[in-house]
Amino acid sequence: MVKEYKGHKFKSGKFVTPFNELLTQLGKEEQWYLGRLPEYMWLALIFDSHPREKAMILIQDILQELNKFLPDTIMQPKISYILQLNEEKQQDFYQYLSSKIEKSVLSPLTIIITYSISRPFSKYFSNKDEGIEDKISKLESTIQTFSSQHSEQTTDIRYLVFYYIQLRNKIIMPEDQSELINQYPDLTHNNHLMPLIRPMVRNLEMMSTNFEENPNITYLEMFWERMSELTDCELFSVQFEIEDALDKKTALENCYKELKYFTDLFHTVSPLDHKMLVLLGLSTFSYKRFLELIEHNLYNTITGRNVVRSLIENYIMMKYLILRESEKPNIWEEYQYYGLGQFKLITERYEDTGDVYPNSHVEYKYLSLIVEEYKGKDFIDMDLNYFDRHNIKTKAEMVGESNLYKHLYDYDSIYEHGLWGAIRESSLLKCNTASHQFHCVPDIENQQKLKSVWHDCHLLMQKTLNILKELYGYPSHLEVKGK
Ligand SMILES: [Zn+2]
């Protein structure tokens, strides 16, 4: 379930520098939104205020008139070129425009093109009856509508730009192509020819940018700067449905019951069995992580992903040790030595340097006692490669669980290492205000919840316990029905 989060207002910053650099990094097609839409906002506003068919005819008329005003060297109907005309010419053109459209159509633009920028524009189109909030929201929604360079509406505007270029300069095209293009304003978007024509239109409009030397950075900067000053951030987060708590309680009780059975079996039948100790130890570690997940309601958290990863790792390790057992019968003891050897390194460092962090969570003295349990055992002839946890991918393949690795573990590792994808998903919110150029805001209010890890953790816990069931059997009368 996806829901927009509204209501938490952040003060917006400025989104414009260094604009020139930003534009040149983008391809011509991608420059549409940042670099061309602001110039054609006036056409977009007119277009948006009329039914499509009427808008196409109306704007073509307007462009024919504009053709009489702009100097011959200008190929595109950009507002910044109109604003460069002298006041008299501007006045005449706006007068003509006023005879074709309502004043309120272009009035939102007067909050960008203010009196100090163009007296005639302000004179013809400022509309005192309309509040500034309404004007801003009209601009916002227009930017939103035309933000995608490929949408049908945007293609309509791009057609009109191309139409103007054609007025100025005879474009030489193959006959069949120009025949198709000329049909564009008369065809509806669901006409079967349109999927063919729309890309042609966009391509021609894009190529037309080659006719001008540089975009008018001053105008673009002013446009985006003004828009970002006027609008607030609207942050967007994804929410998920809350799952049934009762299912979880039952699942946890079942896991406990099963694990209890194997633990009792271990106690009474084979308390010195290294294999069973290792497998039960790994299962219990997973179980405790599973328990923490449930008790602390961590399903939708970053920590939850860490739990999934840990359950996968333990599960694969269990299967892996069983697989290699035949060629290395004392693998169960060596696996324990290997792990304790890691602890030994830590305690040795402590002995070398003393207490560096007196209040740390590492309990050196207790670790030493644990390591002591194996004093006198031979640590020397160990093949470390057997147990190295870094090689989990290979191990997953060996035990036929590469899907767990490919589809879950790898993703959770991105969280474990704090790589950017994880940070973007969990800790940054996208601002949905179109004029803010879709920037991100740090989620310090903790609004973004992540999709629940419950189903994966439950599945992994069952798979883990199934290993024990297959090895040691599980009385059928204890099995939960319908599972
Ligand atoms: Zn914003």
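Residues numbered from 1 in each chain as written. Predicted model: local features only at pLDDT ≥ 70, side-chain atom pairs only at ≥ 80, totals over all residues.

## Considering the overall build of the protein chain
What counts, and what does not: A run of DSSP states H or I qualifies as a helix once it reaches four residues; a run of E qualifies as a strand once it reaches two. Both are numbered from the N-terminal end. Between the two quantities, the radius of gyration covers C-alpha atoms and the globule rule is 2.2 Å times the number of residues to the power 0.38. Three exposure classes are used, all based on how many other C-beta atoms lie within 10 Å of a residue's own C-beta (placed from the backbone): buried at 20 or more, exposed at 12 or fewer, and partly exposed between those limits.
Counting its secondary structure elements, the protein chain contains 21 helices and three strands. Relative to a compact globule of 483 residues, whose C-alpha radius of gyration would be 23 Å, the protein chain shows 34 Å and is clearly more extended. Expressed as lengths along the three principal axes of its C-alpha atoms, the size of the protein chain is roughly 100 × 55 × 45 Å. Within the span of the protein chain, comprising 483 residues, buried residues form 28% of the whole.

## So, the sheet that holds strand S3 (residues 440-442)
Worth spelling out the cut-off: Only strands that DSSP links by at least two bridges are regarded as paired with each other.
Across the sheet, three strands lie side by side as S1-S2-S3; this open sheet has antiparallel pairing. Strands with a single pairing partner mark the edges of an open sheet, and in this sheet they are strand S1 (235-236) and S3. In the sheet, S1 pairs with strand S2 (residues 428-431) via two bridges, with the strands oriented antiparallel. Within S2, the residue paired with Phe236 across the bridge is Lys430.

## Observations regarding the confidence of the model for the protein chain
The following threshold applies: pLDDT gives the predictor's per-residue confidence on a scale running from 0 to 100. Any residue pair is listed as a contact if its two C-beta atoms, each placed from the backbone, are within 7 Å.
Counting all residues, the mean pLDDT for the protein chain is 88, and 92% of those residues have values of 70 or more. Throughout residues 1-10 the model reports pLDDT below 50, and contacts reaching past four residues in sequence, or to other chains, amount to 19 contacts.

## A few points about the domain arrangement of the protein chain
What counts here: What fixes the domain bounds is an automatic or database domain assignment.
The assigned domain composition of the protein chain is domain 1 (19-232) and domain 2 (245-478). Between domain 1 and domain 2, the contact holds 10 residues from the first and five residues from the second. Mapped onto the side of domain 1 that touches domain 2, the elements with two or more residues apiece are helix H8 (132-145) and helix H12 (217-230).

## Overview of unusual backbone geometry
A positive phi angle is found at Asn297, which is not glycine, with a value near 55 degrees. Relative to the helices and strands, Asn297 resides in the loop between helix H14 (274-295) and helix H15 (302-324). Judged by the 11 C-beta atoms lying within 10 Å of it, Asn297 falls in the exposed class. Backbone geometry at Asn446 places phi at a positive 55 degrees, although glycine is not the residue there. Note on placement: Asn446 falls in the loop between S3 and helix H21 (454-472).

## Observations regarding the nonpolar core
Condition: Any nonpolar core is a set of buried residues, restricted to Ala, Val, Leu, Ile, Met, Phe, Trp, Tyr and Cys, that join up through C-beta atoms within 7 Å.
Ranked by internal contacts, the top residues of the largest apolar core, which has 44 residues, are Trp42 and Leu43. At 10 residues, helix H2 (residues 31-48) tops the list of elements feeding residues into this core. Beyond its immediate stretch of four places on either side in the chain, Leu43 contacts Ile59, Pro77, Ile157 and Leu160. Judged by nonpolar contacts, the second largest core, of 34 residues, contains Met276, Ile316, Tyr409 and Leu465.

## Some remarks on the pairing of S2
With burial as the criterion, only one face of S2 is covered, namely that bearing Leu429 and Cys431; the residues Leu428 and Lys430 on the opposite face remain uncovered. For S2 and S3, the ladder comprises three bridges, and the chain directions are antiparallel. Looking at the pairing, Leu428 lines up with Pro442 of S3.

## Focus on the packing of helix H3 (residues 52-66) against helix H9 (residues 152-168)
As a reminder, the rule being used: Every axis in this analysis is a line fitted to C-alpha atoms, fitted for helices over the stretch in contact. Angles between the N-to-C directions lie between 0 and 180 degrees. Should an angle fall under 35 degrees it is taken as roughly parallel, and over 145 as roughly antiparallel, whereas 65 to 115 is taken as roughly perpendicular and any remaining angle as oblique. For a crossing to be left-handed, the near helix must be turned anticlockwise from the far one by less than a right angle; the clockwise case is right-handed. Under the scheme applied here, ten amino acids are nonpolar (Ala, Val, Leu, Ile, Met, Phe, Trp, Tyr, Cys and Pro), four are charged (Asp, Glu, Lys and Arg), and all others, including Gly, are polar.
The N-to-C vectors of H3 and H9 enclose an angle of 30 degrees; their axes lie 10 Å apart at closest approach. Classed by the angle they form, the pair H3 and H9 counts as roughly parallel. As H3 runs across H9, the sense of the crossing is right-handed. Residues Arg52, Ile59, Gln60, Leu63 and Gln64 of H3 lie in contact with H9, whose contacting residues are Asp156, Leu160, Tyr163, Tyr164 and Leu167. Partitioning the contact of H3 with H9 into residue classes produces six nonpolar, two polar and two charged.

## Let's talk about the packing of H14 against H21
Interaxial distance between H14 and H21 falls to 10 Å at its minimum, and their mutual angle equals 160 degrees. With respect to H21, the element H14 is oriented roughly antiparallel. The crossing of H14 and H21 is left-handed. Packed against H14, whose contacting residues are Leu279, Ser283, Ser286, Tyr287, Phe290 and Leu293, the element H21 presents Cys457, Met461, Thr464, Leu465, Ile467 and Leu468 at the interface.

## Structural notes on the environment of Leu404
Take Leu404: it is sitting in helix H19 (residues 402-416). When the C-alpha positions of Leu404 and Tyr159 are compared, they lie 49 Å apart, and in sequence the two are 245 residues distant. Apart from the residues within four sequence positions on either side, Leu404 is in contact with Ile312, Ala396 and Tyr409.

## Notes on helix H11 (residues 194-207)
The criterion, for reference: By this rule, a helix spans an expected 1.5 Å times one less than how many residues it contains.
For H11, spanning 14 residues, the distance from its first C-alpha to its last is 20 Å, which sits close to the expected 20 Å at 1.5 Å a residue. In the core, the buried residues of H11 are packed alongside H9 and helix H10 (175-183).

## Looking at the environment of Ile136
With respect to the helices, strands and loops of the structure, Ile136 is situated in helix H8. On the basis of neighbour counts, which here come to 17 C-beta atoms within 10 Å, the residue Ile136 falls in the partly exposed class. In the structure, Ile136 is positioned 95 residues away from Thr231 in sequence and 7.5 Å away in space, judged by C-alpha atoms. Not counting residues up to four positions away in its chain, the partners in contact with Ile136 are Ile111, Leu230 and Thr231.

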